[in-house]
There are 2 protein chains.
Amino acid sequence: MTVASTPSTALLTDQYELTMLAGALRDGTAHRECTFEVFTRRLPYGRRYGVVGGTGRVLDAIENFRFGAAELDKLAADGVVDEATLEWLRDFRFQGQIDGYPEGELFFPGSPLLTVRGTFAEAVVLETLVLSIMNHDSAIAGAAARMVSAANGRRIIEMGSRRTHEESAVAAARAAYLAGFTATSNLEAGRRYGIPTAGTAAHAFTLLHDSEREAFEAQVASLGTGTTLLVDTYDITRGIELAVDVAGTDLGAVRIDSGDVGVLARQAREQLDSLGATRTRIVVSGDLDEYAIAALRAEPVDGYGVGTALVTGSGAPTAEMVYKLVEVDGRPVAKRSSHKESRGGRKAAIRRHKETGTAVEEVVYHVAPGAAEPVLGPHDRFVQIPLLRDGKRVDDLPTLEDSRQRLRHALVTVPWEGLKLSDGEPAIPTVFHTA
Amino acid sequence: MTVASTPSTALLTDQYELTMLAGALRDGTAHRECTFEVFTRRLPYGRRYGVVGGTGRVLDAIENFRFGAAELDKLAADGVVDEATLEWLRDFRFQGQIDGYPEGELFFPGSPLLTVRGTFAEAVVLETLVLSIMNHDSAIAGAAARMVSAANGRRIIEMGSRRTHEESAVAAARAAYLAGFTATSNLEAGRRYGIPTAGTAAHAFTLLHDSEREAFEAQVASLGTGTTLLVDTYDITRGIELAVDVAGTDLGAVRIDSGDVGVLARQAREQLDSLGATRTRIVVSGDLDEYAIAALRAEPVDGYGVGTALVTGSGAPTAEMVYKLVEVDGRPVAKRSSHKESRGGRKAAIRRHKETGTAVEEVVYHVAPGAAEPVLGPHDRFVQIPLLRDGKRVDDLPTLEDSRQRLRHALVTVPWEGLKLSDGEPAIPTVFHTA
């Protein structure tokens, strides 16, 4: 086995970041103080709120954004940038300021999700990496939050690794846990982020054996009677009968992975109860999304396994966030040729709430010397928190568990219409007090 | 900087693969000779063919599928499997046989895309990793092939890294290149796979400068007059005028990233020609998908930049492939409780063609001692190729360039209705000669 350095994230970057750097180093503009802002112009179709995911991974990735010999050699060999730029990259380490919405925070169109301040040079090179992480993780977190709401307190397990890129799978498991999922099937997510893992058997295990009974016996011998037996390889009624016969009435759960799972869950509950397995839980899986989960609310389902819909963002596989230059040496800047106009100037946000705690509006305001800051009412709060100061993490950054709690609390503040799964306006409006 | 081993892929795995392994080791069934098959039950909505992507990455990942101390410690600490299973995993190295559709090959519902033969133990543990890679890469390759067809020979650059997970981005660039894209913005894809990279500047570069003129001057000084200038930060007509004034009539290209790019391209062509910049190319970007690309066929567009739609599979972010146990000790096996039924038995495929070379049908047949093999006509061919023998790569596996050529040739064989972008049946039917 060969030995390598900790992987650098520096080439997970679009070439134009580095050619812009080269051009700006040459004419001296690279050293201008800039503010870049991450935001999204709109929520995906049908969504009432977004959920910030990935900020913690962004901070890790920035720490490993270093140009080592391997990275510099590649850039030199391809002539991507000139010698002066290579020299600059050799010593690169981000030393600027980053503030942002913490993970698990809700967001709305125009929310200033991440504010990166530094020289043009050090801030521009982070664009691709920051957006890759936040666009992916926020897409998954946003879909996951709707599924968790729909599951209404029942257990919900992420099992989508097989349907997405092998590393996206790990990040998706993290984002799902952040959003309130109970566990993941992905072992690497368990190792890397300490997320609880789960999983027992697929149909292959039953097919491997000479009979369903032998498969169930093998699984119970290995994993105990508290395991979950998959009962739909052949005939479900026969499968449940066998499962209880093999494991006894202490059987942990049965899983149904196909068919009309609502009807089948009701039949399974009756059958389990009639066999005395009244505490045996029923887990359903198989192409579930937030709508299917919600439709099963009235059924005797104790847990859900969710795969494809989760890891593909349930119709919105990217959060469509952008990273835009909004200020140069204190001067607001903005593109202005088309419908894609942006609002210039460094911004922050306050979320206003009623006395009852229900959110009312997202106020996005211009941060500048002399600019008026909105008055903070007794139930309002600033949404951004400091993340990096002079390139170093601030103390006491939220953990993944903190972020999970944050989202849980944030969802309680959403007006009830905003929690509907159906299409509609954002749960609260964004109000701009900007230049 | 800390030093680590080459990353193991072994925990990019669903927990149930290892609990099945544990159960099967305990009762001895782990050593049964098994065949697993990767296939897809249907094509995504609207698609006439699929494109195999990821096979090359699968072979790399299997090579690194080793359980080192770090992986085993994690499994032991969490009690995922017992001591005997840990011992078995410690020495694990896949030593079986893999045959499959090469990358760049077309596929249809039921095509046997990968056939993995070995003991249950060694084959079951690969499920998650194999599917993650193939589902992602084939989803991107399938979307990319439609975009390349729509571009009809014009240059098409992949620039979607910012809209997907940072590692998916690298794999997406590879899949896009496989499908005929000209280049990628992703530098890591350039390093890892030797794909040509491209990119010059974003709007931020213009906004950084005190004027558009200064920005263009800086870019031309750094990248030469052959560069691509982004002309839509402020007013496009003024931008083009400035671009030619700064770079001269040898200016390589202008890029338009917003607005009605068809109309704007026509105006830009007239303006460039009137300024004498008749060889300056026009590149368009901004939320393009295969339909938008096709709609621009009649416009004077010389190249496309494609982002979000490419990396999200243009509506089909996963290929929905499954990995199913189809044979145990020579006996076909299949789940049979529902609409998700599978066809048991090891299979291979022949693609039949007319004398003209046009594909006619995909014949999927049962491979078994004594089973009849379909007669190979003069224009027919076997679709699978051997990939691993006794765990080792066979000689002369196709390179990425080979696979790119393969797809180019395969698309020529598709009946003309099968190349339409609109919804419809698969381009050719799949005919099953199975047990």
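Residues numbered from 1 in each chain as written. Chains lettered and ligands numbered in written order. Predicted model: local features only at pLDDT ≥ 70, side-chain atom pairs only at ≥ 80, totals over all residues. Heavy atoms only, no water.

Novice: How do you make sense of the packing of helix α6 (residues 127-151) of chain A against helix α7 (residues 166-178) of chain A when you look at a structure like this?
Specialist: The angle between the axes and the distance between the axes are what describe a pair of packed helices. All names here are of chain A. Contact geometry of α6 with α7 gives a least axis separation of 8 Å together with a crossing angle of 45°. Put simply, α6 runs oblique to α7. Between α6 and α7 lies a crossing of right-handed hand. Counting all contacts with α6, which are made through His-136, Asp-137, Ile-140, Ala-141 and Ala-144, the residues of α7 involved are Ser-168, Ala-171, Ala-172, Arg-174, Ala-175, Ala-176 and Leu-178. Within the contact of α6 with α7, the residues separate by chemical class into eight nonpolar, two polar and two charged. (Axes fitted to C-alpha atoms, helices over the stretch in contact; angles between N-to-C directions. Helix = DSSP H or I, 4+ residues; strand = E, 2+ residues; numbered from the N terminus. Parallel < 35°, antiparallel > 145°, perpendicular 65-115°, else oblique. Left-handed = near helix turned anticlockwise from the far one by under 90°. Contact = heavy atoms within 4.5 Å. Nonpolar A, V, L, I, M, F, W, Y, C, P; charged D, E, K, R; others polar.)

Novice: Looking at this structure, how should I read empty space enclosed by the protein?
Specialist: Any space left empty among the atoms is revealed by the rolling of a water-sized probe across them. Scanning the model with the defined rule gives six cavities of 30 Å³ or more in all. Taken as a whole, the largest cavity encloses approximately 170 Å³ of empty space. Taken together, 15 residues line the largest cavity, and the ones lying closest to its centre are Thr164(A), Val311(A), Thr164(B), Val311(B) and Pro317(B). By residue class, the composition of the lining of the largest cavity is five nonpolar, eight polar and two charged. (1 Å grid on protein atoms, 1.4 Å probe; cavity = no way out; pocket = protein on both sides within 12 Å on 5 of 7 lines; lining within 4 Å. Points joined across faces, edges and corners; volume = space filled by probe spheres on them.)

Novice: I tried to follow the packing of aromatic side chains on my own but got confused; where do I start?
Specialist: When we look at a pair of aromatic rings, we describe it by the centre distance and by the angle of the planes. All names here are of chain A. Applying the stated criterion across every chain, the model contains 10 aromatic pairs over all chains. When the ring of Phe-65 is compared with that of Phe-92, the centres are 5.8 Å apart and the planes differ by 85°; the resulting orientation is edge-to-face. With a gap of 27 residues between them, Phe-65 in the loop between α2 (55-63) and α3 (69-77) and Phe-92 in the loop between α4 (83-90) and β4 (97-100) connect regions that are remote in the sequence. Since its relative accessible area comes to 0%, Phe-65 is described here as buried. (Phe/Tyr/Trp six-rings, centres within 6.5 Å; stacked < 30°, edge-to-face > 60°. Buried < 20%, exposed > 50% of the residue type's maximum accessible area, 1.4 Å probe, protein only.)

Novice: So what exactly am I meant to see when it comes to the pattern of salt bridges here?
Specialist: Oppositely charged side chains can form a pair if their charged atoms are brought close together. Evaluation of the coordinates by the stated rule reveals 64 salt bridges over all chains. Note that Glu105(A) is salt-bridged to Arg351(A), the shortest N-O span being 2.7 Å. Note that Glu105(A) is positioned in the loop between β4 and β5 (106-107) and Arg351(A) in strand β15 (residues 347-353), a separation of 246 residues in sequence. Overall, Arg351(A) belongs to the buried group, its relative accessible area being 1%. The shortest N-O distance in the salt bridge between Asp14(B) and Arg162(A) comes to 3.1 Å. Pair noted here: Asp14(B) is in the loop between β1 (3-5) and α1 (15-27) and Arg162(A) is in the loop between β7 (155-158) and α7, and the two residues belong to different chains. The buried category is assigned to Asp14(B), whose relative accessible area is 1%. (Salt bridge = Lys/Arg side-chain N within 4 Å of Asp/Glu carboxyl O.)

Novice: What is the right way to read the pairing of strand β10 (residues 253-256) of chain A from this model?
Specialist: Each regular strand displays side chains that alternate between the two surfaces of the sheet. Residues and elements named next belong to chain A. The two faces of β10 match: Ala-253 and Arg-255 on one face and Val-254 and Ile-256 on the other face are all buried. Pairing analysis gives three bridges linking strand β9 (residues 228-230) to β10, with the strands arranged parallel. Across the sheet, residue Leu-229 finds its bridge partner in β10, namely Val-254. With helix α11 (residues 236-247) bridging β9 and its parallel neighbour β10, the resulting β-α-β unit is right-handed. (Pairing = 2+ DSSP bridges. Right-handed = clockwise from strand over helix to strand, strands pointing away.)

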